[in-house]
Amino acid sequence: MQSIVIDAKFVLAAFAFLFSAAAYVPYVHAIRHSTVRPTMSSWIAWGLMDVVLLWTAISAKSLMAFQMAAYTIGVSIVLMACVSRRAYLGWNKLDTQCVGIVVLAVLSWAFFGSPSLVIVLCLVAAFVGTWPLIVNLREDPMREPALPWVLVSIGSVFGILAIREFTIVNAATPIVFLLIQVYILKLIFSHRFAEAMRDQ
């Protein structure tokens, strides 16, 4: 009988996909029921960046492609839900800069063929694109639901556990994404914790 060899890293990458994809279900539900006010400009910037990172991961045959596939599909669905609910765009200079950095990343791939440079530029774009959301959360931490961010953070943890080699191509994206997600969770839960303390 031929034995079946299970690749543990592949399984962890699959869990990264499942948790990351699951995060968008409650988020889209919240958008459709108007219980969340998404920062649409950030989602557009993330969507462009996710497509480039997915492309880079597939080209490099990195297991990070699982996580990025979930992000790309999920962000596309979120954007469609935002359009259907006529969500506020909120486009500003930071969003233009974010898109410009992503375009620069694509051009760097074309000219230099360096996936590492593409990833570094896209992660810079991730910080820039997330800033409008951070500003909005500082003003109103209740505008974002906690569950999707918890799920996507768990997905990033599995993404890190699935890393085969700690190189920029394989490791930088899930690590940086987890740092961003944890900070957003901090903003979301700090207000809820303060409210809970005041109610005691």
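Per chain, residues are indexed from 1 in the order of the written sequence. Where local features are concerned, this predicted model is filtered to residues with pLDDT of at least 70; where side-chain atom pairs are given and counted, the filter is 80 or more; whole-chain, interface and lining totals use all residues. Note: side-chain values were computed over all heavy atoms of the structure, leaving out hydrogens and water.

Asks: Describe the overall build of the chain, naming the residues involved and giving the relevant values.
Replies: A run of H or I in DSSP becomes a helix once it reaches four residues, and a run of E becomes a strand once it reaches two; helices and strands are each numbered from the N terminus. Secondary structure summary: the chain contains eight helices and zero strands in total. Of the regular secondary structure in the chain, the N- to C-terminal order runs α-α-α-α-α-α-α-α. The cut-offs for exposure are 20% and 50% of the maximum accessible area for each residue type, with area from a 1.4 Å probe on protein chains only; residues under the lower value are buried, those over the upper are exposed, and the others partly exposed. Across the 200 residues of the chain, 48% fall into the buried class. Any two residues whose heavy atoms approach within 4.5 Å at even a single point are treated as in contact. In the chain, the share of contacts with a sequence separation of at least 24, taken over all contacts with a separation of at least 6, comes to 80%. The Shrake-Rupley method, run with a 1.4 Å probe sphere, supplies the accessible areas, and residue values consider only the shown protein chains as cover. Of the roughly 10600 Å² of accessible surface on the chain, 71% is carried by carbon and sulfur atoms.

Asks: Give me the nonpolar core: which residues, what numbers.
Replies: Only buried residues count toward a nonpolar core. Its members are Ala, Val, Leu, Ile, Met, Phe, Trp, Tyr and Cys residues joined through side-chain atoms within 4.5 Å. Grouped together as the largest cluster of nonpolar side chains are 55 residues, with contacts concentrated most on Trp 43, Met 49, Val 78, Trp 149 and Phe 177. Those elements that place two or more of their residues in this core are α2 (24–32), α3 (40–59), α4 (64–84), α5 (93–112), α6 (115–139), α7 (146–161) and α8 (168–199). Residue contributions to this core peak at 11 residues, all from α6. Look past the residues within four positions of Met 49 in its chain and what remains in contact with it is Val 102, Cys 122, Ala 125, Ala 126 and Phe 177.

Asks: Explain the pattern of salt bridges to me, and be specific about the residues and the numbers.
Replies: Here, a salt bridge means any Lys or Arg side-chain nitrogen found within 4 Å of an Asp or Glu carboxyl oxygen. In this structure the tally under the stated criterion is one salt bridge. Among the salt bridges present, the one from Asp 7 reaches Arg 164, with a minimum N-O distance of 2.5 Å. Of this pair, Asp 7 sits in the segment before α1 (8–22) while Arg 164 sits in the loop between α7 and α8, placing them 157 residues apart in sequence.

Asks: If you had to explain unusual backbone geometry to someone new, which residues and values would you point to?
Replies: Here Lys 61, not a glycine, exhibits a phi torsion of approximately 55 degrees, which is positive. Within the secondary structure, Lys 61 sits in the loop between α3 and α4. Lys 61 sits in the exposed class, given a relative accessible area of 78%.

Asks: Mind laying out the side chain of Ser 156, listing which residues take part and the relevant values?
Replies: Tracing the chain through its elements places Ser 156 in helix α7. Pairs of N or O atoms are called polar contacts if they sit within 3.5 Å, as long as, within protein, a hydrogen donor faces a hydrogen acceptor (for residues adjacent in sequence, only side-chain-to-side-chain pairs). Polar contacts involving the side chain of Ser 156 include one to the side chain of Gln 181, which spans 2.7 Å. Among residues more than four places away in sequence, those in contact with Ser 156 are Gln 67, Tyr 71, Pro 174, Phe 177, Leu 178 and Gln 181.

Asks: Which residues make up the environment of Leu 94, and what values go with them?
Replies: Position of Leu 94 relative to the elements: it lies in helix α5. A relative accessible area of 26% places Leu 94 in the partly exposed class. Linking Leu 94 and Phe 127, residues 33 residues apart in sequence, is a C-alpha distance of 10.0 Å. Beyond its immediate chain neighbours, meaning those up to four positions away, Leu 94 contacts Val 128, Trp 131 and Pro 132.

Asks: Lay out the packing of aromatic side chains with the relevant residues and their values.
Replies: The relative placement of two aromatic rings is captured by the distance of their centres and the angle of their planes. Working definition: a ring pair exists when centres of Phe, Tyr or Trp rings (six-membered ring for Trp) sit within 6.5 Å. Plane angles under 30 degrees give stacked, over 60 give edge-to-face, the rest tilted. Within this structure, the stated rule accounts for eight aromatic pairs. Measuring from centroid to centroid gives 5.1 Å for Phe 10 and Phe 66, while their planes differ by 85 degrees, and the two rings are edge-to-face. Taken together, the residues Phe 10 in helix α1 and Phe 66 in helix α4 connect sequence positions 56 residues apart. Judged by relative accessible area, which is 26%, Phe 66 ranks as partly exposed.

Asks: Outline the environment of Trp 55, listing residues and values.
Replies: Structurally, Trp 55 can be placed in helix α3. By relative accessible area, Trp 55 is classed as partly exposed at 38%. Along the chain, Trp 55 and Met 68 lie 13 residues apart, while their C-alpha atoms are 8.9 Å from each other. Aside from chain neighbours lying at most four places away, what touches Trp 55 is Val 106 and Trp 109.

Asks: Can you tell me about α2, naming the residues and giving the values?
Replies: Within α2, burial applies to Tyr 24, Tyr 27, Val 28, Ala 30 and Ile 31. Angular distribution of buried residues about the axis of α2 spans 155 degrees; they occupy a single face of the element. What points out from α2, more than 90 degrees from its buried face, is the exposed set Val 25 and Arg 32. In this fold, the buried residues of α2 make contact with α1, α3, α4 and α7. Of the residues one or two after α2, Ser 34 is the one with positive phi, at around 55 degrees. Each direction from the helix axis to a C-beta atom contributes to the arc, which is the arc of those directions.

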